[in-house]
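Tertiary structure, described
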Amino acid sequence: MMDPTYPVQTVDEAYHACHPDLALEAGDPRYIPLTPVRGGFDLPVTITNNIRRTPRGYFHQQLVTGHRGCGKSTELKRLQAHLRKANYFAVYVDAEVLLDLGDVTYLDVLVALTQELEQALRGEHIQVPRSLRENLDQWFAAVILTEEQRRDVERTLEADFGVGPQVPALARMLAAITGQIRSGSSRRVEIRRQLEQNLRVFVQRLNELVDDARVRLTRKGWNDLVFIVDGLEKMHYAPLPDGQSTHSALFVAHAEQLKSIHSHVIYTVPISLVFNANLGDAFPDPTLIIPMVKITEPDGRTPYEPGREALFRVVARRVDVARVMESEDLVWRLVEASGGSVRDLMRLMRLACYGATDCIREAHVETAIRELGREYDRLMQDDDLDLLIFIARERRVPGNERSARLLHLRLVLEYQDDSGRWANIHPALRLSPRLKGRIGA
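All values derive from a computational prediction rather than experimental measurement.

The next point concerns the overall build of the protein. If you tally the helices and strands in the protein, you get 21 helices and seven strands. Radius of gyration (C-alpha) of the protein: 23 Å, near the 22 Å computed for a compact globule of 441 residues. Dimensions of the protein, computed from C-alpha atoms along their principal axes, come out at roughly 65 × 50 × 45 Å. By the burial criterion, 55% of the 441 residues in the protein qualify as buried. Here the contacts in the protein between residues at least 6 apart in sequence split such that 74% fall between residues at least 24 apart. Distance from the positive charge centre (57 side chains) to the negative charge centre (61 side chains) of the protein: 2 Å.

Given below as structure tokens:
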């Protein structure tokens, strides 16, 4: 089925045109620049400049965060294109595709980087020396998978994904290992245990591959290698017995392992960490935050028209508003209800399509907003009420684990402009019977 021409003309097409999980590729005509209306830095320009300023032999290691659905993946796709234009070989690693974000460790991340690098080099027709490939493949075979286990996994890969004998042995081995990790099989714990016991050698082998790749890329005219690791901000949040969370265990406790690779690297991290962990002790450069689109001033009442207009254009680039919506006012209503979250704006548009046939009408929009409100109300625990009322009143987020959870779930949204940063509860949450009458604007 061919992609529709945008903006789409029907409700049926609008449903898919507003899919919240589809990040825009660089150069997509639907892209609307939102940095001017949400504060922060121009991500592609800032990171590319920081990498360019880093002398060869040193590596820029950058964390990027923001609420889920703020547009990080779209910005990181633009970063990849920007880096490539600046002659950097940027490898995009989608952790959500490769790993199980319900249970992810630094070891999983390093294996995923190895797999994506090997694949990217093959795509660039860069031949890794046979001895290096075989040494790495044989090391994995000796330490991680028995020959019988490897054959079993390879049969599954060939049947399910078409990864057959024509693919190099190292590529098949890496696909087998990441497949075992992602599937949550009983082998996952054993794979991690073996990797951890042999961590020094594993990192050494990985860096042998990276170092060789950087030399060969330079010979082909590239300035250097950059990894962009997207999707880790979506990893599951849970408190751990030692007082850490799953988030801090990965990015704080194991920061040195994540930084051990001999390459520039950008990781996305959960926004909760910005509020309850000193990431500056783990990564030298400040974490770049992509805030929500500002649609009101900090008082929560005064509309910020540039932000609202930008979000209106986000919808209008995808959907012919005059044909699909009963009136433009309905789009403005959805923009307000989204709280400046691009993801929730797209979700509201899809929800409004549920009961519509020829046209999205006011009743469909109001039903969509109520449904989003119910979803957030279900996520809110009774113990959250006092903290949410505090945030709504004070416009700031205390640095504690409970606040981190509210940010992770988008029950609380953070904004930024030249005057500073502030927070507020999601507009949809204001529909909750438990909060009505207890909060202001």
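There is more to say after this.
Let's shift gears to empty space enclosed by the protein. Tallied over the full model, the rule gives two cavities of 30 Å³ or more. There is about 80 Å³ of room inside the largest cavity. Together, Thr35, Arg38, Gly39, Gly40, Phe41, Leu43, Glu75, Leu288, Ile289, Ile290 and Pro291 line the largest cavity. At the level of elements, α2 (35–38) and β5 (288–290) are the ones that each hand at least two residues to the lining of the largest cavity. Considered class by class, the residues forming the lining of the largest cavity number six nonpolar, three polar and two charged. Estimated volume of the second largest cavity: approximately 30 Å³. Forming the boundary of the second largest cavity are Gly66, His67, Arg68, Glu233, Pro270, Ile271, Leu407 and His408.

Attention now goes to the side chain of Lys259. Turning to its location among the elements, Lys259 is positioned in the loop between α13 (255–258) and β4 (264–268). What makes Lys259 buried here is its relative accessible area of 17%. Those residues in contact with Lys259 that sit more than four places away from it in its chain are Gln61, Ala282 and Phe283.

With that settled, consider the pattern of salt bridges. This model, assessed by the stated rule, comprises 35 salt bridges. Across the salt bridge formed by Asp212 and Arg216, the nearest N and O atoms sit 2.7 Å from each other. In this pair, Asp212 and Arg216 are both assigned in helix α11 (residues 199–219), four residues apart and thus about one turn of the helix distant. For Asp212, a relative accessible area of 17% gives the class buried. Overall, Arg216 belongs to the partly exposed group, its relative accessible area being 24%. If you follow the salt bridges from partner to partner, you end up with Asp100, Asp103, Asp108, Arg188 and Arg192 in one network.

Here we come to the nonpolar core. By size, the foremost hydrophobic cluster in this structure holds 61 residues, and its most contacted members are Met325, Ile360, Val412, Ile425 and Leu435. With eight residues, helix α18 (residues 342–353) is the single largest residue contributor to this core. With residues near it in sequence (within four places) discarded, Met325 still touches Leu330, Val331, Leu334, Met349, Cys359, Ile360 and Val365. In this structure, Leu63, Leu107, Ile181 and Leu273 belong to the second largest nonpolar core, which totals 59 residues.

A separate point is the packing of aromatic side chains. Taken as a whole, this structure holds eight aromatic pairs when the rule is applied. Measuring from ring centre to ring centre gives 5.3 Å for Phe89 and Trp222, while their planes differ by 70 degrees; the resulting arrangement is edge-to-face. Here Phe89 is found in strand β2 (residues 88–94), whereas its partner Trp222 is found in the loop between α11 and β3 (224–230), with 133 residues between them in sequence. Each member of the pair, Phe89 as well as Trp222, is classed as buried. Through a chain of ring-to-ring contacts, the aromatic side chains of Trp139, Phe140 and Phe202 assemble into a single cluster.

What counts and what doesn't
- Residues numbered from 1 in each chain as written.
- Predicted model: local features only at pLDDT ≥ 70, side-chain atom pairs only at ≥ 80, totals over all residues.
- Heavy atoms only, no water.
- Helix = DSSP H or I, 4+ residues; strand = E, 2+ residues; numbered from the N terminus.
- Rg over C-alpha atoms; globule rule 2.2 N^0.38 Å.
- Buried < 20%, exposed > 50% of the residue type's maximum accessible area, 1.4 Å probe, protein only.
- Contact = heavy atoms within 4.5 Å.
- Lys, Arg positive; Asp, Glu negative; His and termini not counted.
- Charge placed at Lys NZ, Arg CZ, Asp CG, Glu CD.
- 1 Å grid on protein atoms, 1.4 Å probe; cavity = no way out; pocket = protein on both sides within 12 Å on 5 of 7 lines; lining within 4 Å.
- Points joined across faces, edges and corners; volume = space filled by probe spheres on them.
- Nonpolar A, V, L, I, M, F, W, Y, C, P; charged D, E, K, R; others polar.
- Salt bridge = Lys/Arg side-chain N within 4 Å of Asp/Glu carboxyl O.
- Core = buried A, V, L, I, M, F, W, Y, C linked by side-chain atoms within 4.5 Å.
- Phe/Tyr/Trp six-rings, centres within 6.5 Å; stacked < 30°, edge-to-face > 60°.

By themselves, these observations are geometric and do not establish any function.
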